[in-house]
Amino acid sequence: MTEQYVLDLHRLDETQIAVGGGKGAHLGGLSRIEGVRVPAGFCVTTDAFRRILAEAPSIGERLDQLSRLNPDDRPAIRALSATIRRTIEETAIPDDLAAAIRHALAGLGEQAAYAVRSSATAEDLPTASFAGQQDTYLNVVGPASVLEHVSRCWASLFTERAVTYRQRNGIDHRAVHMAVVVQRMVFPHAAGVLFTADPVTGNRKVATVDASFGLGEALVSGLVNPDVFRVRDGGIVARTVAVKQRAVHALPGGGTRDVTVDPRRQEQPALTDAQVVRLVQLGRRIEAHFGRPQDIEWCLVDGDFQIVQSRPITTLFPIPAAARDGENHVYLSVGHQQMMTDPMKPLGISVWQLTAMAPMHEAGGRLFVDATRNLASPASRAGFLEMVGRSDPLTRDALETVLGRDDFVRSLLDRDDFVRSLADAGPGRPPAAGPPAPIETDPAIVAELIARSQASVAALRRDIRTKTGPELFDFLLEAFQEHKRVLGDPLSMQAIMAGMQATWWLNDQLQEWLGEKNAADTLTLSAPDNVTSEMGLALLDVADVIRPHPEVVAFLHGVEDEAFLEELPKLPGGTEARNAIEAYLDRYGMRCVGEIDITRPRWSERPLTLVPLILDNVRNFAPGAAAQRFAQGRRKAQEKEQDVLARLRALPDGERKAAETKRMIDRVRTFIGYREYPKYGIVSRYFVYKQALLHEAERLVRADVLAEREDIFYLTFQELHDAVRANSVDDRLIQQRKEAFRSYHALTPPRVLTSDGEAVTGAYRRDDVPAGALVGLPVSVGTVEGRARVILDLTEAEIEAGDILVTAYTDPSWSPLFVAVAGLVTEVGGLMTHGAVIAREYGLPAVVGVPDATRLIRDGQRIRVHGADGYVEILS
C-alpha cells in the first residue's frame, strides 16, 4: 500500500500528472534529462489527497456549495474556501500514510531541511500554468513539520485565488487533485528564473535570465529587483545589473528571513556571463525535452546549477506550423482585418481556409497570412506597406520594425527569383500585378454584382437540399470553388477598389487643397447599396412595428427562451411583431458576432440576441427614424458636396479641381456601399453550409457516433468528412480540441507575428495629441462627448441616447447598435474595416485601433472622441 501514496521523483515523468500533479510530473521528467540536476525528493501522490478528502468531514457537501457560487461572489468564495482549507488542515493524516512519508524522509536524511511544494493536477500544463495559486514552503525541518506542511499544501488547492481561477475557466473542483513534492532543501549562492523564450515579446530565440543572491523567494515576493540577462544565439545581447540590497536566506531552525546584502556585493552581478550562457544552454536542453518553451526556476549551488521547477510558458502566442521550415516568416493577423480577434473553432478555421483567396495559417485558434514575400520584393514592398498603412498604421509600423532588423526579411532582388517564389507560394495567392483596372462610374455595375451574388446563393440553397453523407462533402468542395469564384470576381474587385481609391483621393486632395481632414466621411453619408448600414436601419423599422403594442414590449422585456417567436401571436399585436422579426431574420438572420467562424450561432438560430437591440430602439427612437436618418445623411452629403465644390472653384485652377472632385464624389457614392456586400455574400453561403453540416451531425448523434451535434465544430472539415464516411469519431480528439479552444481565449493575438514567435507591436508615433489622451486611427470625422459604454458582449448592450460605444472590435453584426450611439471607440480596426465604414455611413465620430481601450476607459466615464484627429480624452 505504501507505493500508491509515496513515489520517488525518479519514478515519475511528465506523463504522470494524474499521479504526481504538474510540478511532480515535470520534476520527475527533469530528473531523467542527462546533465540536469534536480534536488533529491519524493512525491506524496494524489491518491493520498483523495484519501484525506474522503476522511475530511462534510467536504463533498461543501464542494457542491462551492461549485454553485458565482465566480464574482468573492465574499462567499472567501468564506467557504477558508472553511474547506481549515477542515483539510485539521484532518489527521492516517497512520499508514504518515508512516510512508516518514519512511521516505528517512531515505533522504531525517534531520535534513526540505522544500515542501504543492503539485496540483491542473498545474504546469501546456495550456494553463496556474502559477502561484498553491503553496510552497521552504526550509521545513523535521518529519513532524513536513507532515504539517503537507496538509497545508493539500489545503492550498482551495485558496480563494485558485477557486476563482477554476470557476472562471470552467474547471470542476472535484476534477483537480493535489500531490505534494518533498525535496531536500538547497541553500544557493544565487537563484532565479530562466525563460527559454522572451516572456514579453514571445521571441523563441531570445532567452531571459532573472537572477539575485540567496533564495529565489526574494524575486517571487518582489523583495528585490533582479539582474536581467537576455541571451540570443549563445551570446548575451543585453544585461541589467540591479542594486541588490536584500536577499532571502534559510534559518538554521527552519523557515526563512530576508537579510541585508553585504554592501560590497550589492552592485555585483549574481551570475557571471559564462554562468548565464551555461544556464541558457541547460534551459535549451530542458526545452527540447518537453517540446515547448519553459519557465525554469534554478539555484546555483557550489558553482553548479540545480533545477527546482520547470513549467510551460502558457502566455506565449503559438507559431504557425508552416514557420517550422527554418526560414524567416512574417505573419499578419486575419482577425484584425476581419474585426474578429476571438479564437475560432477547428471547423470554422478549416472552412475559412478552404474558401479564402490566399493561403492562411492557424495558430492559437486564429488565422494569419504570410506577408514575407510582399515584404521581400522591392517591387511590391512600398505599395504593400502603403496599403497596410492606410488600413492600420499600427500594423504598418510593426512591419517597418521587422524590416528595420538586418537580414530578417531577405530582399528578393532578382526578378526571376521573385517570380519563382510567387509560383512556390501555391494556388490562391493574390497575383503580383498591381491594383485592378479602373471601371466606369455606373450604378448598374453594383446592381449586376449584387444580382450575381444572390443568384449564386439561391443556386446553392436549391442544389444542396438533396445532398447527404459523403455526397454532401463532395458537393461542398465544389461549392467552395464557386464561393471563391464569386469572391474573386474581377468586376467585384474593381468595384471595391474604385470606392476605396475614390475615398483616399478625396481625403488626400481635399486636405491638400482645402486643409480639410477626412472630407469623404461626410460625402459618403447614406451612400446607396450598403447592406450593412441598411441592416441597422431595418431594425429601427422592426421597432416601429412593435412600439405601438405595450403588451408585446412588456413580453419582450421578460423573454428568456429562444422560442419566444412562437408565443408572440398570443398577444395583441404579436402576430405583426413576429412577422416583422421573421422578415428581418429572412434577410439578415445569417449574421452574428464573429460571423467569419461558421460555428458561431447565427441570429436565426438565436433570435433572442436581437431583443435587447429592438427594445433599445423602441425606447430611444421615434417612429420613422430609419427613413429620417437616411434622408438626413443624404442631405448632409449633398450640402457637403456643394460646399466643397464652391470652395474649390474659388481657388486657382478651381474649375478643374472642382470637376475632378465631382467625378470622385460620384464615384465614391456609386461604389463605396458595395464594399460591404461581398462579406454579406460570404456569410449567406456560410449559413447554408452550416445548416447542411448540422443535419449530418444530427444523423451522427442518432447513430451514437457523437454525444451532441455541436461536437462537429471541434473537427476540421476533412476530419468531419472522414467521420461521416467511417461513421466513427475520436472522442478524445474532440475533448482535446475543446480544452485547447478554452485555453486560446486567454491569448491575445498580435497584429504581426514572426516565425521566431515574436509578437511585434506597432506604435502611432504621434506628438500632436494632448497629454494623457488615448491615440488611435481617425476613421469618421466629428467630435462628440458623452458617457462611455464599455461593452464586450452585444447581448448585454444597454444604450441610452448620447452614449459612446467602447469595445474591442465590431464586425457587421454590431451595426444595429450603431444607430443608437453617438460615437465609437474600438481596440481593433482600420480605415476600411466594417466598423469604420458604418460609422461614417451613420455619421458617428469614431476612433479605432486604440490599444487597451476597454481596459483604460471605464464603463460610465465621460469621454470625448475626436474623430478627425484620432484620439480620445477621458474627462472624468
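The rules we used
- Residues numbered from 1 in each chain as written.
- Predicted model: local features only at pLDDT ≥ 70, side-chain atom pairs only at ≥ 80, totals over all residues.
- Heavy atoms only, no water.
- Helix = DSSP H or I, 4+ residues; strand = E, 2+ residues; numbered from the N terminus.
- Expected span 1.5 Å × (residues − 1).
- Buried < 20%, exposed > 50% of the residue type's maximum accessible area, 1.4 Å probe, protein only.
- Arc of directions from axis to C-beta.
- Contact = heavy atoms within 4.5 Å.
- Core = buried A, V, L, I, M, F, W, Y, C linked by side-chain atoms within 4.5 Å.
- Pairing = 2+ DSSP bridges.
- Axes fitted to C-alpha atoms, helices over the stretch in contact; angles between N-to-C directions.
- Patch = residues over 30% accessible without salt bridge, like charges linked within 9 Å, V, L, I, M, F, W, Y side chains within 5 Å.
- Areas by Shrake-Rupley, 256 points an atom, 1.4 Å probe, with all protein chains shown as cover.
- Salt bridge = Lys/Arg side-chain N within 4 Å of Asp/Glu carboxyl O.
- Lys, Arg positive; Asp, Glu negative; His and termini not counted.
- Charge placed at Lys NZ, Arg CZ, Asp CG, Glu CD.
- Phe/Tyr/Trp six-rings, centres within 6.5 Å; stacked < 30°, edge-to-face > 60°.
- Lys NZ or Arg CZ within 6 Å of the ring centre and 35° of its normal.
- Nonpolar A, V, L, I, M, F, W, Y, C, P; charged D, E, K, R; others polar.
- Parallel < 35°, antiparallel > 145°, perpendicular 65-115°, else oblique.

Draft legend 1. Summary view of helix 23 (residues 574-588). Taking 1.5 Å as the rise per residue, helix 23 with 15 residues should run 21 Å; its terminal C-alpha atoms sit 21 Å apart, in good agreement. Every buried residue of helix 23 is accounted for by Gly574, Ala577, Ala580, Ile581, Tyr584, Leu585 and Tyr588. Buried residues of helix 23 fall within an arc of 135° about the axis and therefore sit on the same side. On its buried side, helix 23 packs onto helix 20 (531-546), helix 21 (550-558), helix 22 (564-567), helix 24 (611-620), helix 27 (677-702) and helix 30 (815-818).

Draft legend 2. Layout of the nonpolar core. Membership of the largest hydrophobic core comes to 99 residues, with the highest contact counts inside it found for Leu510, Ile546, Phe564, Ile581 and Tyr584. Here the element with the most residues in this core is helix 18 (residues 490-514); it accounts for twelve residues. If we ignore the near neighbours within four places in the chain, the residues touching isoleucine 581 are Val542, Ile546, Phe564, Leu565, Leu568 and Ile614. Ranked by size, the runner-up nonpolar core spans 62 residues in total, among them Leu367, Val388, Val729 and Tyr809.

Draft legend 3. View of the sheet that holds strand 17 (residues 752-754). Strand order in this open sheet of five strands is 15-16-14-17-18, and the pairing throughout is antiparallel. With partners counted over all chains shown, the strands left at the sheet margins are strand 15 (361-363) and strand 18 (759-760), one partner each. As paired strands, strand 17 and strand 18 are joined by two bridges and run antiparallel to one another. Residue pairing for strand 18: leucine 753 is matched across the bridge by alanine 759. In the packing of helix 14 (residues 393-403) onto the sheet, the strands contacted are strand 14 (330-333), strand 17 and strand 18, and the crossing angle to strand 17 comes to about 25°.

Draft legend 4. Quick look at the pairing of strand 5 (residues 178-184). Among the seven residues that make up strand 5, six are buried, leaving the element largely enclosed by the rest of the structure. Sheet topology note: the strand 2 (residues 41-44)/strand 5 ladder contains four bridges and is antiparallel. Each residue of the ladder has a partner; that of cysteine 43, found in strand 5, is valine 181. Looking at chain direction, strand 3 (residues 113-120) and strand 5 are connected through seven bridges and run antiparallel. Counted as the bridge partner of alanine 115 is glutamine 183 from strand 5.

Draft legend 5. Quick look at a negative patch on the surface. On the surface, Glu560, Asp561, Glu562 and Glu566 cluster together into a negatively charged patch. The residue glutamate 566 is located in helix 22 in this model. What makes glutamate 566 exposed here is its relative accessible area of 59%.

Draft legend 6. Examining the packing of aromatic side chains more closely. Within the structure shown, the criterion is met by 14 aromatic pairs. On the numbers, 5.3 Å between centres and 55° between planes, the contact of phenylalanine 473 with phenylalanine 717 is tilted. In this pair, phenylalanine 473 is assigned in helix 17 (residues 470-487) and phenylalanine 717 in helix 28 (residues 717-726), connecting sequence segments 244 residues apart. There is no split in this pair, since phenylalanine 473 and phenylalanine 717 are both buried. Members of the aromatic cluster, each reached through a chain of ring pairs, are Trp352, Phe473, Phe480, Tyr686, Tyr689 and Phe717. Against the face of tyrosine 842 rests arginine 629, its NZ or CZ located 5.8 Å from the ring centre.

Draft legend 7. Highlighting the pattern of salt bridges. Applying the stated criterion across every chain yields a total of 62 salt bridges. Linking glutamate 758 and arginine 405 is a salt bridge whose minimum nitrogen-to-oxygen distance equals 2.6 Å. Of this pair, glutamate 758 sits in the loop between strand 17 and strand 18 while arginine 405 sits in the loop between helix 14 and helix 15 (415-424), and the two are 353 residues apart along the sequence. Across the salt bridge formed by aspartate 489 and arginine 452, the nearest N and O atoms sit 2.4 Å from each other. Of the two residues, aspartate 489 is situated in the loop between helix 17 and helix 18 and arginine 452 in helix 16 (residues 443-464); the sequence distance between them amounts to 37 residues. For arginine 452, a relative accessible area of 37% puts it in the partly exposed group. Residues participating in the shared-partner salt-bridge network are Glu386, Arg390, Arg396, Glu400 and Asp508.

Draft legend 8. Structural detail: the packing of helix 20 against helix 25 (residues 625-649). As a packed pair, helix 20 and helix 25 sit with axes 8 Å apart at the nearest point and diverge in direction by 150°. Mapping the contact onto sequence places Leu537, Leu540, Asp541 and Asp544 in helix 20 and Ala625, Ala626, Arg629 and Phe630 in helix 25. Split by residue class, the contact of helix 20 with helix 25 holds five nonpolar, no polar and three charged.

Draft legend 9. Inspection of the pairing of strand 3 at higher detail. The buried fraction of strand 3 amounts to eight of the eight residues, a majority that puts the element mostly inside the structure. Residues Ala113, Ala115, Arg117 and Ser119 point to one face of strand 3 and Tyr114, Val116, Ser118 and Ala120 to the other, with burial holding for every one of them. In this sheet, strand 4 (residues 136-141) lies alongside strand 3 in antiparallel orientation, the contact comprising four bridges. When the bridges of strand 4 are listed, valine 116 appears paired with tyrosine 137.

Draft legend 10. Geometry of the packing of helix 20 against helix 23. Packing of helix 20 against helix 23 leaves a shortest axis separation of 9 Å and a crossing angle of 170°. One finds that helix 20 runs roughly antiparallel with respect to helix 23. Where helix 20 abuts helix 23, its residues Val531, Glu534, Met535, Ala538, Leu539, Val542, Val545 and Ile546 lie against Glu576, Ala577, Ala580, Ile581, Tyr584, Arg587 and Tyr588.

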